[in-house]
Amino acid sequence: MIAALRENRLALVEELGPRLGYAATCRALAVARATLYRRKTARVAKVMTPRPASPRALAPPERQAVLELLQSPRFVDSAPAQVQATLLDEGKYLCSTRTMYRILDAEGQVRERRNQLVHPVYARPELLAIGPNQLWSWDITKLRAMVKWTYFHLYVMLDVFSRYVTGWMLAERESDSLAVVLIETACARQGIAPHQLTVHSDRGSSMKSKCVAQLLVDLEVTKTHSRPHVSNDNPYSESQFKTLKYRPDFPDRFGCLQDARAWCRRFFPWYNNVHRHSGIAWLTPADVHYGRADHILAGRAVVLEAAFLQHPERFVKGPGRPVRLPEAVWINKPVIELEGEKGGYPGSTDPEISRPGASQGPSFPPADPSPSLSPPNPPDLSLTPASPKPGR
């Protein structure tokens, strides 16, 4: 389709160019003049003539003799420069060192002898969530203590679709056994069913540990990891940490572990039940996670409609509409171009859903029929790492 359109434009330029001028016609039709000139100029295929052999080159029998010498058991593990020096000490000269390299290269026998480190190719994670409890992201950040080079480690589990923090833990160290407690408790509280959830994280030592991997296998939860040194593969956890550390009351340093926990116990209920997130239509994460978003957005639409009826002259473009809640949330949304259109997936009419993801399981949010903005008794999602399970 695009190629046919370009051909039509070029044909139109060739037709109108003699009367209107080629430069003006190309500029009007957005055609590069270089493309037109290449099309008008017939290309003459170059005849490649074989390069004549140098009169100083070795004869075929001499080349074969040098190759057999280099492949002999005596010199098979020696470099051409070493072979040349050895032959000179014995009073022999067959050819130059460079000629030896040319002969070996013609036979495909020149390469790096040492074992070179080859980095594996990591796949770009492409994950989709179309509802709560389908895709979680978790990470660990450090909170500075009063003593220099001393930190407290904050573990946070985040639902990607609703931005709801499903669990958090603050400890004095980073440990895979503590991560197991966090993941297992969060899944139990949210009622995660087998094959429902995908848990995404970076490639930290706790995230890649065997006990965490074994726990996810036991829970029948899919796990994915970011590519090395690519922070964009885990953007939602990084954004949540920025919200945490940019709070006005966030201290530069915490006096002790209990002080840090007290601050986190104030922050996470505020984040889940009060903070209005720009990525989820300015709703709170709890509203989206527990299915109150449609009721709240419908109420906003009623208010905007009433304001329009009262003062229509103030709404130049018609009645206002509330911001829509995204129907799909991606980590690294794939870009697929079909017939000149960006996005979309074969068989799907929704451009936001580019392809089905591994985390498209059913959603099982906890029952919460209350349409209020925040639950009367928000659950305490903190965990105290006092006694991690043995054997994990």
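It should be emphasised that the depicted structure is a prediction, and the values quoted were computed from it without experimental measurement.

Peer 1: Explain helix α1 (residues 2-20) here, please?
Peer 2: Each full turn of the α-helix corresponds to 3.6 residues, which orients residues three or four apart in the same direction. Across its 19 residues, α1 extends 25 Å between first and last C-alpha, which sits within 8% of the 27 Å expected from 1.5 Å per residue. Most pronounced at Glu14, the bend in α1 amounts to some 30°, and the proline Pro18 follows within four residues. Listed in full, the buried residues belonging to α1 are Leu10, Val13 and Gly17. Here the buried face of α1 lies against α2 (22-29) and α3 (33-40). Phi turns positive one or two residues past the end of α1, at Gly21, with a value near 95°.

Peer 1: Would you take a moment to explain the environment of Asp159 for this structure?
Peer 2: Locating Asp159 in the fold gives a position in strand β3 (residues 151-159). In this structure Asp159 comes out as buried when scored by relative accessible area, which is 0%. Contacts of Asp159, omitting those with residues within four sequence positions, involve Pro132, Asn133, Gln134, Leu135, Trp136, Tyr164, Thr166 and His289. Polar side-chain contacts of Asp159 include one of 2.9 Å to the backbone nitrogen of Ser162.

Peer 1: What am I meant to see in the pairing of strand β6 (residues 222-225) here?
Peer 2: Residues in a regular strand point their side chains to alternate faces of the sheet. Here strand β5 (residues 198-201) runs beside β6; their pairing, made up of 4 bridges, is parallel. Its bridge partner lying in β6, Thr198 is registered against Thr222. For the handedness criterion, the β-α-β arrangement of β5, helix α8 (residues 210-219) and β6 is classed as right-handed.

Peer 1: What is the right way to read the packing of aromatic side chains from this model?
Peer 2: Aromatic ring pairs are described here by two measures, namely the spacing of the ring centres and the angle between the planes. Per the stated rule, a full pass over the model turns up 10 aromatic pairs. When the ring of Phe267 is compared with that of Trp270, the centres are 5.8 Å apart and the planes differ by 40°; the resulting orientation is tilted. Separated by 3 residues within a single helix, Phe267 and Trp270 lie in helix α10 (residues 257-273), roughly one turn from each other. Judged by its relative accessible area of 22%, Trp270 falls in the partly exposed class. An aromatic cluster of three or more residues is present, and its members are Trp168, Phe250, Phe254, Trp263, Phe267, Phe268, Trp270 and Tyr271. The ring of Tyr246 has Lys242 sitting right over it, with the charged end atom 5.3 Å from the ring centre. Lying across the ring of Trp270, Arg247 places its NZ or CZ 3.8 Å from the centre.

Peer 1: Looking at this model, I keep getting lost on α10. Mind explaining?
Peer 2: Taking 1.5 Å of rise per residue, 17 residues should cover 24 Å, and α10 covers 25 Å from first to last C-alpha, within 8% of that figure. Elements that come into contact with the buried residues of α10 comprise β2 (135-144), β3, β4 (165-171), α9 (235-245) and α11 (285-289).

Peer 1: How should I be thinking about the confidence of the model for the protein chain in this particular structure?
Peer 2: Low-confidence regions, as indicated by low pLDDT, have predicted coordinates that should not be scrutinised in detail. In the predicted model, the protein chain carries a mean pLDDT of 84, and 84% of its residues have values of at least 70. A low-confidence stretch, residues 338-378 stays under pLDDT 50, and its non-local contacts, those more than four residues away or across chains, total 80 contacts. This model gives residues 386-392 a pLDDT under 50, and the stretch forms 11 contacts once residues within four places in sequence are excluded.

Peer 1: Quick question: what am I supposed to make of the pairing of β4 here?
Peer 2: In terms of burial, β4 is a largely internal element, 7 of the 7 residues being buried. Where β3 lies against β4, 6 bridges are found, and the strand directions are antiparallel. From the neighbouring strand, Val156 faces β4, where its bridge partner is Trp168. Where β3 folds back on β4, the antiparallel hairpin that results is connected by 5 residues, among which Arg163 adopts a positive phi of roughly 65°.

Peer 1: What exactly am I supposed to notice about the packing of α1 against α3 here?
Peer 2: In helix packing, the relevant descriptors are the interaxial angle and the interaxial distance, both defined with respect to the helix axes. Packing of α1 against α3 leaves a shortest axis separation of 11 Å and a crossing angle of 80°. In terms of axis orientation, α1 runs roughly perpendicular to α3. The segment α1 lies against α3, with Glu7, Leu10, Val13 and Glu14 engaging Thr35, Leu36, Arg39 and Lys40. Among the residues making up the contact of α1 with α3, the classes are represented as 3 nonpolar, 1 polar and 4 charged.

Peer 1: How do you make sense of unusual backbone geometry when you look at a structure like this?
Peer 2: For residues besides glycine, phi is generally negative; the peptide bonds are generally trans as well. Unlike most non-glycine residues, Ala30 shows phi in positive territory, near 60°. As for its position among the elements, Ala30 is in the loop between α2 and α3.

Peer 1: Whenever I open this one, the nonpolar core confuses me. Can you help?
Peer 2: The nonpolar side chains of soluble globular proteins are, as a tendency, buried together. Core analysis: the biggest nonpolar cluster contains 36 residues, and Leu143, Leu154 and Phe268 have the highest contact counts within it. Elements supplying a minimum of two residues to this core: β1 (127-129), β2, β3, β4, α9, α10, α12 (293-310) and β7 (329-331). Among the elements that make up this core, the one with the highest residue count is α10 (7 residues). Apart from residues lying up to four places away in sequence, Leu154 is in contact with Asp139, Ile140, Thr141, Leu143, Trp168, Met169, Leu170, Phe241, Leu244, Cys264 and Phe268.

Peer 1: Just checking my understanding: could you explain the pattern of salt bridges for this structure?
Peer 2: Side-chain pairs of opposite charge can arise whenever the charged atoms involved come near each other. Taken as a whole, this structure holds 7 salt bridges when the rule is applied. One salt bridge in this structure joins Glu90 and Arg74, with 2.1 Å as the shortest N-O distance. With Glu90 in the loop between α5 (80-89) and α6 (97-106) and Arg74 in the loop between α4 (60-70) and α5, this residue pair connects regions lying 16 residues apart in the sequence. Note that Glu327 is salt-bridged to Arg324, the shortest N-O span being 3.2 Å. Here the salt bridges share partners, and the residues they tie into one network are Arg144, Asp252 and Arg253.

Cut-off values and rules
- Residues numbered from 1 in each chain as written.
- Predicted model: local features only at pLDDT ≥ 70, side-chain atom pairs only at ≥ 80, totals over all residues.
- Heavy atoms only, no water.
- Helix = DSSP H or I, 4+ residues; strand = E, 2+ residues; numbered from the N terminus.
- Expected span 1.5 Å × (residues − 1).
- Bend = angle between axes of the 7 residues up to and from the residue.
- Buried < 20%, exposed > 50% of the residue type's maximum accessible area, 1.4 Å probe, protein only.
- Contact = heavy atoms within 4.5 Å.
- Polar contact = N/O pair within 3.5 Å; in protein donor to acceptor, adjacent residues only side chain to side chain.
- Pairing = 2+ DSSP bridges.
- Right-handed = clockwise from strand over helix to strand, strands pointing away.
- Phe/Tyr/Trp six-rings, centres within 6.5 Å; stacked < 30°, edge-to-face > 60°.
- Lys NZ or Arg CZ within 6 Å of the ring centre and 35° of its normal.
- pLDDT = per-residue confidence, 0-100.
- Axes fitted to C-alpha atoms, helices over the stretch in contact; angles between N-to-C directions.
- Parallel < 35°, antiparallel > 145°, perpendicular 65-115°, else oblique.
- Nonpolar A, V, L, I, M, F, W, Y, C, P; charged D, E, K, R; others polar.
- Core = buried A, V, L, I, M, F, W, Y, C linked by side-chain atoms within 4.5 Å.
- Salt bridge = Lys/Arg side-chain N within 4 Å of Asp/Glu carboxyl O.

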